[in-house]
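Descriptive structure summary
Each chain is listed here by its residues.
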Number of protein chains: 2
Amino acid sequence: MTTIEIPDGSGFGPDNLPYAVFSTPGTAPRVGVRVADQVVDLAAALGTDRQDEVFAAPVLNPFMAQGHHRWVQVRERITALVAGEIPDTAVHPVGEVMLHLPFDVGDYVDFYASEHHATNLGRLFRPGAEPLTPNWKHLPIGYHGRSGTVVVSGTPIVRPAGQRKDPGEASPTFGPSVRLDIEAELGFVVGVGSAMGTRVPVDAFAEHVFGAVLVNDWSARDIQAWEYVPLGPHLGKSFATSVSAWVVPLLALESARVPLPGQQDPQPLPYLRETRSWGLDVELTVEWNGDVVSHPPYREMYWSPAQMLAHMTVNGAGTRTGDLFASGTISGPERDQRGAFIELTWGGREPITVRGEDRTFLLDGDGVVLTATAPGAAGGRIAFGEVAGCIVPAP
Amino acid sequence: MTTIEIPDGSGFGPDNLPYAVFSTPGTAPRVGVRVADQVVDLAAALGTDRQDEVFAAPVLNPFMAQGHHRWVQVRERITALVAGEIPDTAVHPVGEVMLHLPFDVGDYVDFYASEHHATNLGRLFRPGAEPLTPNWKHLPIGYHGRSGTVVVSGTPIVRPAGQRKDPGEASPTFGPSVRLDIEAELGFVVGVGSAMGTRVPVDAFAEHVFGAVLVNDWSARDIQAWEYVPLGPHLGKSFATSVSAWVVPLLALESARVPLPGQQDPQPLPYLRETRSWGLDVELTVEWNGDVVSHPPYREMYWSPAQMLAHMTVNGAGTRTGDLFASGTISGPERDQRGAFIELTWGGREPITVRGEDRTFLLDGDGVVLTATAPGAAGGRIAFGEVAGCIVPAP
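The paragraphs below set out a description of the structure included in this document. Think of each chain on its own: its residues are numbered from 1, step by step along the sequence as written. Key to labels: chains lettered from A, ligands numbered from 1, both in the order written. pLDDT decides what is reported in this predicted model: residues at 70 or higher carry local features, side-chain atom pairs at 80 or more are listed and counted, and totals for whole chains, interfaces and linings draw on all residues regardless. Derived side-chain values reflect all non-hydrogen atoms in the structure, with water molecules and hydrogen atoms excluded from consideration.

1. A few points about the interface of chain A and chain B
The partner chain B presents 57 residues to the 57 residues of chain A that form the contact. Two parts lose some accessible area (1.4 Å probe) when they are put together, and adding that loss for both gives the buried area. Both sides of the chain A and chain B interface together cover about 5200 Å² of buried area, and 62% of this is carbon and sulfur. Any Lys or Arg side-chain nitrogen located within 4 Å of an Asp or Glu carboxyl oxygen qualifies as a salt bridge. The tally of links from chain A across to chain B stands at two salt bridges. Pairs of N or O atoms within 3.5 Å make up the polar contacts considered here, provided that, within protein, one atom can donate a hydrogen while the other can accept it, and that residues adjacent in sequence are counted only when both atoms are side-chain atoms. For the pair chain A and chain B, the interface holds 26 residue pairs in polar contact (both at pLDDT 80 or more). Secondary structure is summarised from DSSP: a helix means a run of H or I of at least four residues, a strand means a run of E of at least two, and numbering begins at the N terminus for each. Counting only elements with at least two residues in the side of chain A that touches chain B, the list comes to strand 6 (108-111), strand 7 (142-144), strand 10 (161-164), strand 11 (173-176), helix 6 (221-227), helix 7 (235-238) and helix 8 (305-313) of chain A. Contact definition: two residues touch when any of their heavy atoms are within 4.5 Å.

This is the structure we're talking about:
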C-alpha cells in the first residue's frame with residue numbers, strides 16, 4: 001500500500017483532484033485522478049460496482065454523463081481514498097504515464113468574451129472602425145470550431161499553409177503561415193447535455209458543466225485576416241486546438257468564483273442575468289521557449305461561462321456530453337496580461353524579447369506552455385495541468 | 001423469395017442504390033439500401049463474412065470507413081442481389097420502416113459556394129457595399145456548423161428564440177424568430193478521413209467522400225443579422241440542420257458530373273485546380289406546404305465539392321469518417337431557382353404565393369420538403385431521398 005505525500009504548494013492537493021485519461025505499458029487508457037505528482041488509477045483503486053465501470057473507459061464521457069450528484073459522490077470517495085493508503089498497483093508517477101485526449105469532443109464553440117482582447121483585435125483587424133461591434137456587449141459572441149482537430153497537450157503542431165493577401169498585393173499568395181499565433185483560453189466541458197428545443201438556464205451551469213481545461217487555440221493570423229469576412233474564422237483556426245490533459249472539476253473551482261469585473265453595461269437581457277456570477281479568478285501564465293511572456297487573468301473576462309452556455313442554448317440548440325466551449329483569448333488591461341502574440345506585439349510591430357531575441361510570431365521549433373492556478377478550498381492555489389505544444393515545419 | 005419490380009421513373013433503380021439506417025418493430029437499426037419502394041436489409045441479405053458485420057451497425061460510419069475499394073465491391077454485390085431473388089425477410093416496404101440519422105456526424109462545415117446566393121445575400125445583408133467580399137472568388141468560403149443538431153428528415157423543427165435588433169431600435173429584443181428561413185443545399189459525407197498535418201488533393205475527392213445527402217440548413221435571419229459580425233453565423237443556424245435519410249453514393253453520381261458553369265476567373269490557386277471537375281447536375285425542388293416554389297440547380301455552383309474538401313484540408317486540418325460538408329444555399333440566376341426564402345422574397349419585401357396566400361418567412365405549422373434528381377447511369381434520372389421538416393412553435 002502507498003500513501004501519497006503532498007508537498008506544500010503542489011497545486012494538486014485534495015482540494016483539486018483533476019481527472020485525465022492515462023495509459024502505461026501495462027494499462028490500457030483509463031481514467032486517473034492526479035494527487036501531487038501521482039496518478040491514481042480509479043478503476044483499480046475505486047472500482048467496486050457497475051457504476052464504476054466508467055473509470056475503465058478510454059475517455060471521461062461515460063463518467064461525465066453520470067451527472068452532478070455522481071460527480072459529488074465520486075469526489076467524496078476519492079477524497080477519502082487519497083487521505084489513506086492506496087494499493088501500490090493503482091498509483092503511477094505522472095512522469096511515467098502517457099496522457100491522452102481526456103474526452104471525445106462533441107461540438108467545440110469558441111467565444112470572444114474578453115473586452116480587452118476584442119478591443120485589441122478590433123483595432124488590429126479593422127483599423128479606423130469602432131473596435132467593438134454593436135452586438136458585443138449584448139451577447140457573448142462565439143462561433144463553432146473544429147472538434148476533430150482538438151488535441152491533447154504535447155501534440156506537435158504542424159505549421160498550417162494557406163492563402164493570405166497583404167493589403168498591397170493584387171491577389172492572394174499561398175504558403176506556410178508567417179503569422180502563427182496562440183490564444184490562451186479557458187475551456188469548459190459539458191458533462192450532462194440538454195435536449196434540442198430546450199435551454200440551459202444561466203443558473204443551471206453547474207448541473208451541466210463537468211470541469212475546465214486550459215486551451216491553446218492556435219491561430220494563423222495571415223490566413224484568418226484574408227478569409228474571415230463574412231462568415232468568420234475557419235482555416236486560420238481549424239488546423240489544431242490544444243487542451244490540457246487534466247480536467248479540473250467545476251467542484252474544485254467553487255473557491256475561485258468572483259463577481260464579473262464591474263457591472264455589465266448595458267444590462268444584458270434577462271436570460272443572461274446570473275443570480276451569482278461564475279466569474280473565476282484563474283490566473284494563466286504563458287511561457288514561450290521557457291520565458292514567461294504574459295499572465296492573462298480570467299477574472300477580467302466580460303462574459304461568464306454560465307452566460308456563454310445560456311446564450312449558446314437559448315435558441316434551442318442541444319448540447320451533448322463532451323461538448324467543449326472556450327472563452328476566447330484571455331487578455332487583461334495591461335500589456336503583460338495579453339493572451340495572444342498579435343496583441344503582445346501589436347500586430348507584429350512591437351516585438352517582445354524571448355530568450356534575448358526580438359520576436360513577434362511563432363517560428364518552427366518554438367514551444368509554448370500555458371499553465372494556470374486558482375484559489376482552492378484549502379486556502380492555497382490549485383493548479384491546472386499545462387497545455388504545451390511545439391511548432392513543426394509545414395510539410 | 002422476392003423479386004423487386006422497379007417501375008419506370010422510380011428514381012431508385014439499380015443505378016442509384018442509396019444507403020440509409022432503418023429499423024422495424026422487429027429489427028434494430030441497421031444498414032439498408034433502397035430499391036424502388038423497398039428497403040433491402042443488407043445484414044440479412046448480404047451478411048456473409050466478418051467485413052459484412054458493418055451492415056448490422058446502427059450508423060453507416062463503419063461501412064464508410066472501409067474505403068473506396070470496398071464501396072465498389074459492395075455496390076457490385078448489391079447490383080447482383082437486386083437483379084435476382086431476395087429472401088422475403090430481408091425486404092421491407094419503405095413506408096413501413098423507421099429511418100434514422102444515417103451517420104454519426106463528425107465535423108459539419110457549411111460552405112457558401114453559389115455565386116448567385118452570395119451575391120443576393122451580400123445585397124440584402126450589406127446594402128450599398130460590393131455584394132461579394134474580395135476573397136470570394138479566390139477560395140470557397142465556409143464555416144463550422146453545429147454537428148450535434150444535425151437531424152434526419154422528418155424531425156420537427158422547434159422555432160428558435162434569440163436576440164434581434166431592427167436598424168431603428170436602440171437595443172436588441174428577445175423572442176421567437178420572425179424570419180425563419182430554409183437553405184436548400186447538397187451535403188457530402190466523408191467516408192475515409194485524412195490525418196492532421198496532411199491535405200486531401202483536389203483530385204482525391206472520390207477516394208474520401210462516400211456520398212451525398214440533401215440538406216436543409218434552417219436559418220433564423222433576424223438572429224443571424226444581429227449576431228454574425230465579426231465571427232460569422234452561430235445561433236441563427238445552430239438550432240437545427242436537417243439531412244435526408246438516404247445517402248446517395250458518389251459512385252451513383254458519376255453520370256451527373258458536369259463542368260463548372262464557365263471558367264473560374266480569376267483562376268484559383270493550384271491546389272484548387274481540378275483535372276476533371278466535380279460539378280454535378282443535381283436539380284433540387286423546394287416544396288412549401290405542398291406548393292413547388294423553387295428549382296435550385298446545383299450545376300450552377302461556382303465552387304465544386306472537390307474544391308471545398310481540398311480547401312478545407314489545405315491547412316492540415318484532419319478529417320474523420322462522418323464529417324459532413326455542405327454547399328451552402330443553391331441558387332441559380334433565375335428567381336425561381338433561389339434556394340432560400342430570403343432571396344425568393346427579396347428580404348421579405350416581395351412575398352410569394354403559397355397555397356393562395358402571400359408568404360415571406362416560415363409560420364408555425366409550415367412544412368418544407370426538398371427533393372432532387374440527377375442523371376443516372378441507365379439514362380434516366382436517379383432520385384435523392386427527401387429532406388422534410390415542419391415548424392413547431394417556440395416553447
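2. Observations regarding the sheet that holds strand 5 (residues 98-100) of chain B
Residue and element names in this part refer to chain B. The five strands are arranged 4-3-2-1-5 in an open sheet whose pairing can be described as antiparallel. Two strands lie at the open edges of the sheet, namely strand 4 (91-93) and strand 5, each paired on one side alone. Neighbouring strand axes in the sheet, compared pairwise and without regard to direction, differ in orientation by 45 degrees on average. Paired strands, as defined in this entry, are two strands with at least two bridges between them according to DSSP. Lines fitted to the C-alpha atoms define the axes, with helices restricted to the stretch that makes contact. Angles between their N-to-C directions range from 0 to 180 degrees.

3. Considering the pattern of salt bridges
Once the charged atoms of two side chains with opposite charge are near each other, the side chains can pair. The tally for this structure, following the rule as stated, stands at 40 salt bridges over all chains. Across the salt bridge formed by aspartate 323 of chain A and arginine 146 of chain B, the nearest N and O atoms sit 3.0 Å from each other. Remark: arginine 146 of chain B occurs in the loop between strand 7 (142-145) and strand 8 (150-152) and aspartate 323 of chain A occurs in the loop between helix 8 and strand 22 (324-326); the pair is interchain, linking two chains. Here aspartate 323 of chain A and arginine 146 of chain B have matching classes, each one buried. With a shortest N-O distance of 3.0 Å, aspartate 41 of chain B and arginine 30 of chain B are connected by a salt bridge. Here arginine 30 of chain B lies in strand 2 (residues 27-35) and aspartate 41 of chain B lies in strand 3 (residues 38-41), a separation of 11 residues in the sequence. The buried label goes to any residue with under 20% of its type's maximum accessible area, the exposed label to any with over 50%, and the partly exposed label to all in between, with areas taken from a 1.4 Å probe on protein chains only.

4. A word on the sheet that holds strand 5 (residues 98-100) of chain A
All names here are of chain A. The strand order 4-3-2-1-5 describes an open sheet built from five strands, whose pairing is antiparallel. Looking along the sheet, the strands with just one partner apiece sit at the ends: strand 4 (91-93) and strand 5. Within the sheet, the average angular offset between the axes of one strand and its neighbour, ignoring direction, is 45 degrees. Note that strand 1 (residues 19-24) and strand 2 (residues 27-35) share five bridges and pair antiparallel. By the bridge assignment, alanine 20 is partnered in strand 2 with glycine 32. Across the face of the sheet, helix 3 (residues 68-83) comes into contact with strand 1, strand 2 and strand 3 (38-41) while running at roughly 55 degrees to strand 1.

5. Details of helix 8 of chain A
Residues and elements named next belong to chain A. Within helix 8, nine of the nine residues are buried, which leaves it mostly tucked inside the rest of the structure. All buried positions along helix 8 are accounted for by Pro305, Ala306, Gln307, Met308, Leu309, Ala310, His311, Met312 and Thr313. Buried-residue contacts for helix 8 involve strand 6, strand 13 (184-190), helix 5 (205-208), strand 14 (209-216) and strand 22. Capping of helix 8 at its N-terminal end is provided by serine 304; its side-chain oxygen lies 3.3 Å from the backbone amide nitrogen of alanine 306.

6. Considering the side chain of serine 153 of chain A
Residue and element names in this part refer to chain A. Structurally, serine 153 is set in the loop between strand 8 (150-152) and strand 9 (157-158). Here glutamate 386 takes part through its backbone oxygen, which lies 3.3 Å from a polar atom of the side chain of serine 153. For serine 153, the side chain forms a polar contact with the main-chain nitrogen of alanine 388, separated by 2.8 Å. If we ignore the near neighbours within four places in the chain, the residues touching serine 153 are Val243, Ser244, Ala245, Glu386, Val387 and Ala388.

7. A word on the pairing of strand 1 (residues 19-24) of chain B
Along any regular strand the residues' side chains alternate between the sheet's two faces. Residue and element names in this part refer to chain B. Burial analysis of strand 1 places six of its six residues in the buried class, which makes it a mostly covered element. Going residue by residue along strand 1, you find Tyr19, Val21 and Ser23 tucked away on one face and Ala20, Phe22 and Thr24 tucked away on the opposite face as well. Counting the residues in the hairpin turn of strand 1 and strand 2 gives two residues. Two elements, strand 1 and strand 5, share three bridges in a ladder whose sense is antiparallel. Note on strand 5: the bridge partner recorded for valine 21 is histidine 100.

8. Topic: the relation of the copies chain A and chain B
Least squares is used to superpose the copies, and the fit set is the C-alpha atoms of residues whose pLDDT is at least 70 in both copies. You can overlay chain A on chain B at an RMSD of 0.0 Å; the transform is a turn of 180 degrees with a shift of 0.0 Å along its axis. The transformation just described matches what one would write down for a two-fold rotation axis. For chain A, the smallest separation between a C-alpha atom and the rotation axis is recorded for glycine 232 of chain A, amounting to 2.1 Å. Most of the interface of chain A is mirrored in chain B, where 100% of its interface residues again form contacts.

9. Remarks on helix 3 (residues 68-83) of chain B
Residue and element names in this part refer to chain B. The end-to-end C-alpha separation of helix 3 is 23 Å, in line with the 22 Å expected for 16 residues at 1.5 Å each. The complete set of buried residues in helix 3 reads Arg70, Trp71, Val74, Arg75, Ile78, Leu81 and Val82. Down the axis, helix 3 shows its buried residues gathered within 135 degrees of arc, on one side only. Within helix 3, the exposed residues directed more than 90 degrees away from the buried face are His69, Glu76, Ala80 and Ala83. Multiply 1.5 Å by the residue count of a helix minus one, and that product is the helix's expected span. Of all possible arcs, the one meant is that of the directions from the helix axis to the C-beta atoms.

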